Amino acid sequence: MLKSLADWFDNRTGARKLIHEALFEPIPGGARWRYVWGSALVMALVTQIVTGVFLWMFYSPSTTTAWESVYYIQYEATGGWLLRGVHHFMASAMVVLLALHFVQVVWDGAYRAPRELNFVLGVVLMLIVLGLALTGYLLPWDQKGYWATTVGTNLASQAPVVGPELRKLAIGGSDYGHQTLTRFFALHAGVLPGAMAAFLALHIALFRRHGIHAKQPLKSPTAMFWPDQVLKDAVAALGVLAAVLGLTVYYGGAELTAPADPANPYDAARPEWYFLFLFQFLKWFPGETEVWGAFIIPGVVTAVLLAMPWIGRTRRGHVFNVALLCVLLGGAALLTAQAIREDYFAQGTTQDEVVAMNDPAAAARWEASDRFLRAKRQAEHDAERVIELAGGPDRIPPTGALTLVYEDPYLQGPKLYRQYCASCHNHVSVAQKEPDAGDLANAAPTAPNLFGVGSRAWAAALLDPEQIASAHLYGYEGSPFAEGDMVSYVRDEFGDDADEDQQAAVREAFATVAVALSAEAKLSSQHDADAKVAAVVAAGRELMTGGLADVLTSGMSCTDCHKFHDAGELGSAPDLTGYMSREWLIDFIKNPSSERFYGDNNDRMPAFAAHDDPRLNQLDQKSIELIVDWLRGEWARPEQDDRQSAKQE
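The rules behind each value
- Residues numbered from 1 in each chain as written.
- Predicted model: local features only at pLDDT ≥ 70, side-chain atom pairs only at ≥ 80, totals over all residues.
- Heavy atoms only, no water.
- Helix = DSSP H or I, 4+ residues; strand = E, 2+ residues; numbered from the N terminus.
- Buried < 20%, exposed > 50% of the residue type's maximum accessible area, 1.4 Å probe, protein only.
- Contact = heavy atoms within 4.5 Å.
- Areas by Shrake-Rupley, 256 points an atom, 1.4 Å probe, with all protein chains shown as cover.
- Expected span 1.5 Å × (residues − 1).
- Polar contact = N/O pair within 3.5 Å; in protein donor to acceptor, adjacent residues only side chain to side chain.
- Phe/Tyr/Trp six-rings, centres within 6.5 Å; stacked < 30°, edge-to-face > 60°.
- Lys NZ or Arg CZ within 6 Å of the ring centre and 35° of its normal.
- 1 Å grid on protein atoms, 1.4 Å probe; cavity = no way out; pocket = protein on both sides within 12 Å on 5 of 7 lines; lining within 4 Å.
- Points joined across faces, edges and corners; volume = space filled by probe spheres on them.
- Nonpolar A, V, L, I, M, F, W, Y, C, P; charged D, E, K, R; others polar.
- Arc of directions from axis to C-beta.

(A) Representation of the overall build of the chain. The helix and strand tally for the chain stands at 26 helices and two strands. Taken along the three principal axes of its C-alpha coordinates, the chain extends 110 × 70 × 50 Å. Counting across all 649 residues of the chain, residues that qualify as buried make up 45%. Long-range pairs, those at least 24 residues apart, make up 66% of the contacts in the chain between residues at least 6 apart in sequence. For the chain, the exposed area adds up to about 33800 Å²; of that, 61% sits on carbon and sulfur atoms.

Have a look at this one:
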């Protein structure tokens, strides 16, 4: 039955003849491992086509859907991470296989007549593979791909004569956006694969026409392609596939950084590892000489590669080709290693060690590496956060994942803080001995530490004689408040004249006031804790509005200087009603010179939004809200909230 069916199929298609011609190709000298790279490359190409088609089914090329669809593939679609990972790592494998195949062809002299044109086709195929790798890098539309592609296309604009027009053609206008994505996607999924299929068909046709060029002398009699060479090719292909699967599983698929943000440059932008040598090479050609490193020298090298079959007609020419290939591959390997070493220089060398070297070049290299590593850590941090938000209950909005980034206090708060607050304030955990990820240290602060504002620890420190004049509050270098009224008010109660019982009574009263003052902040992280001590909060409020006068030797309570709800008056010191609450902090940042806060006594805090006309303000309402929410630890991250709450307790 099966034989009859096979005969019918062969009668209609001629399949047996085609299979016979494909498998029974004579191989002079018999099967050898050095011939397996071409077949492995074909396997890699087929894998890329199959995985690429399935990725295409999920991918949507636009600035508001590209990252989002890749996120869906990576984190939502069943097996999507595996599909994307195989596609990503197989691209790298193709570059390695190309190099091995190229070395084998040149080393064996397989480019010589009559195979010159087939060698030229191979070089063209190599350029197409590199083009596929380059265009695919942008498609996730993440920070890494966006900024690396920006560097590449800006480089293209320096091409002689046609540079600016070439860049404009590549990105679809003057700015990167939807047109850039669609053009790169068209190149990656349509034009280049089509060109590769056409050139590969010609390459295989010419290969079959001229046959394998065997390395002389032959060590074995001539044999057919089937079965020995097929077995070796299959083993090599399976080995490559196993390595790609292993890398995919090990890394959990391909990396996806935060969504592309044209307003937020990525200092750690680097090309994929197989282009790192070119990236490093370009450093040798600064300024106007860059055109030599980017176009002229690579162009000359490509021309020499294409001319290898004619150069290698003589033995000296062949030796020249082999030597050139060794120089090119060895140089590429050295430049790649150098690029990696420079990027990670600060990881294995401390700043003190660099200073001890007394070498300006080493110091500059360390600083560049430190910037790269910090940018890389920040990118990983941002990516982790936006991926967490994208998978949260609110999901990705129709405006795209970048909206998640811009509306998240956890991501935007530190950036705005660095820009507008960090020159005066510190944001470091006092309780933590080791630096925390949320720390933003200022070596010479001129204002209080803002870590944990509104928390009980923060309020308690304000009423602690040992902490109020510390560098974290009013005791920073040059502070005019180190011996001010507030510090004296607290410290005088613990002077030599006060006995232990009196000091204990004051400490207890201040602790009660701190609980009440902190409750004014209405921190989400303290909501349950405040509810459990409602009686203490009520007692603290009574102390603040007059009760302290009965405990303190000064006979003063908070409302003698501050306003607190219905008690006290404005004008002498900040209003304590809603102290460090969201609304209080927003209004304070807008205008600390308001009568509600410091009034005319404000000597340093700038007003960031005091004007009715928003064009005159340093910060808009949204930016202030993001800073305040970050300072208060108010962001949608349950695990982080727990940690923040624990620190502030």
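(B) Fine view of helix H21 (residues 500-519). If you check H21, its first and last C-alpha atoms are 29 Å apart, about what 20 residues at 1.5 Å a residue would give, namely 28 Å. For H21, every residue scored as buried is listed here: Val-506, Ala-509, Phe-510, Thr-512, Val-513, Ala-514, Val-515, Ala-516, Leu-517, Ser-518 and Ala-519. Structurally, H21 contributes buried residues whose contacts are with helix H19 (456-462), helix H20 (485-491), helix H22 (527-532) and helix H23 (534-544). At the N-terminal end of H21, a side-chain oxygen is found 3.3 Å from the backbone nitrogen of Asp-501, two or three residues along, and the residue is Asp-499.

(C) Structural detail: the packing of aromatic side chains. Using the criterion set out here, one finds 28 aromatic pairs in the structure. One cation-aromatic arrangement involves Arg-365 over Phe-345; the distance from NZ or CZ to the ring centre is 4.5 Å.

(D) Geometry of unusual backbone geometry. With an omega of 10 degrees, the peptide bond between Ala-113 and Pro-114 qualifies as cis. Here Pro-114 lies in the loop between helix H5 (80-107) and helix H6 (116-136). Even without a glycine there, the phi angle at Val-161 is positive, about 70 degrees. Here Val-161 is to be found in the loop between helix H7 (143-156) and helix H8 (163-171). Assessed through its relative accessible area of 83%, Val-161 is described here as exposed. Of note in the backbone geometry, Lys-522 takes a positive phi value of approximately 55 degrees without being a glycine. Looking at the secondary structure, you find Lys-522 in the loop between H21 and H22.

(E) Structural context of the side chain of Thr-51. Tracing the chain through its elements places Thr-51 in helix H3 (residues 36-58). Assessed through its relative accessible area of 7%, Thr-51 is described here as buried. In contact with Thr-51, not counting residues within four places along its chain, are Leu-83, Val-86 and His-87.

(F) Region of interest: empty space enclosed by the protein. Under the criterion given, the structure shown has one cavity of 30 Å³ or more. In this model, the largest cavity occupies a volume close to 50 Å³. Taken together, Gln-143, Ala-258, Pro-259, Asp-261, Asn-264, Asp-382, Val-405 and Lys-415 make up the full set of residues lining the largest cavity. Of the residues in the lining of the largest cavity, the class split is three nonpolar, two polar and three charged.

(G) Examining H23 more closely. Among the residues of H23, those classed as buried are Val-537, Gly-540, Leu-543 and Met-544. On an axial view of H23, the arc spanned by its buried residues comes to 115 degrees, and they lie on one face. In H23, those exposed residues whose orientation departs by more than 90 degrees from the buried face are Ala-535 and Glu-542. At the exit of H23 stands Gly-546, carrying a positive phi of roughly 145 degrees.

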